[in-house]
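One-letter residues, chain by chain:
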Amino acid sequence: MTNTDWIASVKYDDKGLVPAIVQDAVTKDVLTLAYMNETSLKKTVETGETWFYSRSRRELWHKGETSGNTQTVENITWDCDQDALLVLVSKKGPACHKGEDSCFHEKVFGEERASKENILLTLEKLIETREIERPEGAYTTYLFEEGVDKILKKVGEEASEVIIAAKNRDSEELKWEVADLFYHVLVLLREQKLPLETVLDVLVERHNK
């Protein structure tokens, strides 16, 4: 198949639409559920940015055309029945028209749990909250109040402990020390006002070369 031949093989519903689940390519957070028809899907592939079909307005719409919050498509997959699409994107700005990162931002049941895929970003958000609120007795509060020299000292100590654990071939100790190092590096990034996502962008760029 050529680059767009597969589009005709999508199983659209009786209105010519297919649901498209849009997911952040880095965090794996689900950003929105929208619909595409054959035309909007072709424009998405051709332009490299998401285009959808509005069922209420009955017209195509380009995500971010007015807000500037565009979504660059990294890849598209379909499900086993070819009647639903999963669109992985790199987003510029909020995905939701309410200004939220995701349209799925209102919890109605259950507890929010971190996953292996997004734990670093979840931890980054928690560290950001700690820096702003400075809860009494919290270790993160202590680090921010002590300042960059203390944070750098802890990063250095944890890096040394990682080296020692690895040198001793102690995998049990190593996993804990690496976790401590990751945490302190995230505190340092926050102190320096450098978002983790910018570091992840570097890794992605290197991986794709």
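Note that this is a predicted model, so its numbers are computed, not measured.

Kindly report on the packing of aromatic side chains, identifying the contributing residues and their values.
Per the stated rule, a full pass over the model turns up four aromatic pairs. Pairing Trp 6 with Trp 78 gives two aromatic rings, centres 5.9 Å apart and planes at 80°, and the pair type is edge-to-face. Taken together, the positions of Trp 6 in the segment before β1 (18-24) and Trp 78 in strand β5 (residues 71-78) put the pair 72 residues apart, joining distant regions of the chain. The exposure class of Trp 78 is partly exposed, given its relative accessible area of 31%. Look at Phe 52 and Trp 61: their rings are 5.0 Å apart centre to centre, the planes differ by 45°, and that puts the pair in the tilted class. Take Phe 52: its relative accessible area is 1%, and that puts it in the buried class. Its relative accessible area of 29% is what places Trp 61 among the partly exposed residues. It is Lys 43 that lies over the ring of Trp 51; its NZ or CZ is 4.4 Å from the centre.

An account of the sheet that holds β5 is needed here, citing residue identities and associated values.
Here we have four strands laid out as an open sheet, ordered β2-β1-β6-β5, and mixed in their pairing. Strands with a single pairing partner mark the edges of an open sheet, and in this sheet they are β2 (30-36) and β5. Pairs of neighbouring strands in the sheet enclose a mean axial angle of 25°, with direction left out of account. In this fold helix α1 (residues 38-47) packs onto β2, β5 and β6 (85-91), with an angle of close to 120° to the strand it touches most, β5.

An account of a negative patch on the surface is requested, with residue identities and associated values reported.
Together, Glu 161, Asp 170, Glu 173 and Asp 180 give the surface a local cluster of negative charge. Topologically, Glu 173 is positioned in helix α5 (residues 171-191). Judged by relative accessible area, which is 35%, Glu 173 ranks as partly exposed.

For the packing of helix α3 (residues 139-146) against helix α4 (residues 148-167), give the residues involved together with the corresponding values.
The description of two packed helices rests on the angle between their axes and on the distance between the axes. At a minimum axis distance of 5 Å, the contact between α3 and α4 shows a crossing angle of 120°. By the angle between their directions, the pair α3 and α4 is classed as oblique. Residues Tyr 139, Tyr 142, Leu 143, Phe 144 and Glu 146 of α3 pack against Val 148, Lys 150, Ile 151 and Lys 154 of α4. For the contact of α3 with α4, a count of residues per class yields six nonpolar, no polar and three charged.

I'd like to hear about the pairing of strand β4 (residues 59-62), residue by residue, with values.
In terms of strand pairing, strand β3 (residues 51-54) meets β4 through four bridges, oriented antiparallel. For Ser 54, the partnering residue across the bridge sits in β4 and is Glu 59. Count of turn residues in the β3/β4 antiparallel hairpin: four residues, of which Arg 58 carries a positive phi of about 60°.

Can you lay out the pairing of β1 for me, pointing to particular residues and giving the numbers?
The buried fraction of β1 is high, at five of seven residues. Of the pairings in the sheet, the one linking β1 to β2 comprises six bridges and is antiparallel in character. Residue Val 18 lies in a different strand from β2, and its bridge partner there is Met 36. Between β1 and β2, which pair antiparallel and follow one another directly, the connecting turn spans five residues, one of which, Lys 28, has a positive phi of 70°. Sheet topology note: the β1/β6 ladder contains five bridges and is parallel. Looking at β6, one finds that Ala 20 is bridged to Leu 85.

Conventions and cut-offs
Residues numbered from 1 in each chain as written. Predicted model: local features only at pLDDT ≥ 70, side-chain atom pairs only at ≥ 80, totals over all residues. Heavy atoms only, no water. Phe/Tyr/Trp six-rings, centres within 6.5 Å; stacked < 30°, edge-to-face > 60°. Helix = DSSP H or I, 4+ residues; strand = E, 2+ residues; numbered from the N terminus. Buried < 20%, exposed > 50% of the residue type's maximum accessible area, 1.4 Å probe, protein only. Lys NZ or Arg CZ within 6 Å of the ring centre and 35° of its normal. Pairing = 2+ DSSP bridges. Axes fitted to C-alpha atoms, helices over the stretch in contact; angles between N-to-C directions. Contact = heavy atoms within 4.5 Å. Patch = residues over 30% accessible without salt bridge, like charges linked within 9 Å, V, L, I, M, F, W, Y side chains within 5 Å. Areas by Shrake-Rupley, 256 points an atom, 1.4 Å probe, with all protein chains shown as cover. Salt bridge = Lys/Arg side-chain N within 4 Å of Asp/Glu carboxyl O. Lys, Arg positive; Asp, Glu negative; His and termini not counted. Charge placed at Lys NZ, Arg CZ, Asp CG, Glu CD. Parallel < 35°, antiparallel > 145°, perpendicular 65-115°, else oblique. Nonpolar A, V, L, I, M, F, W, Y, C, P; charged D, E, K, R; others polar.

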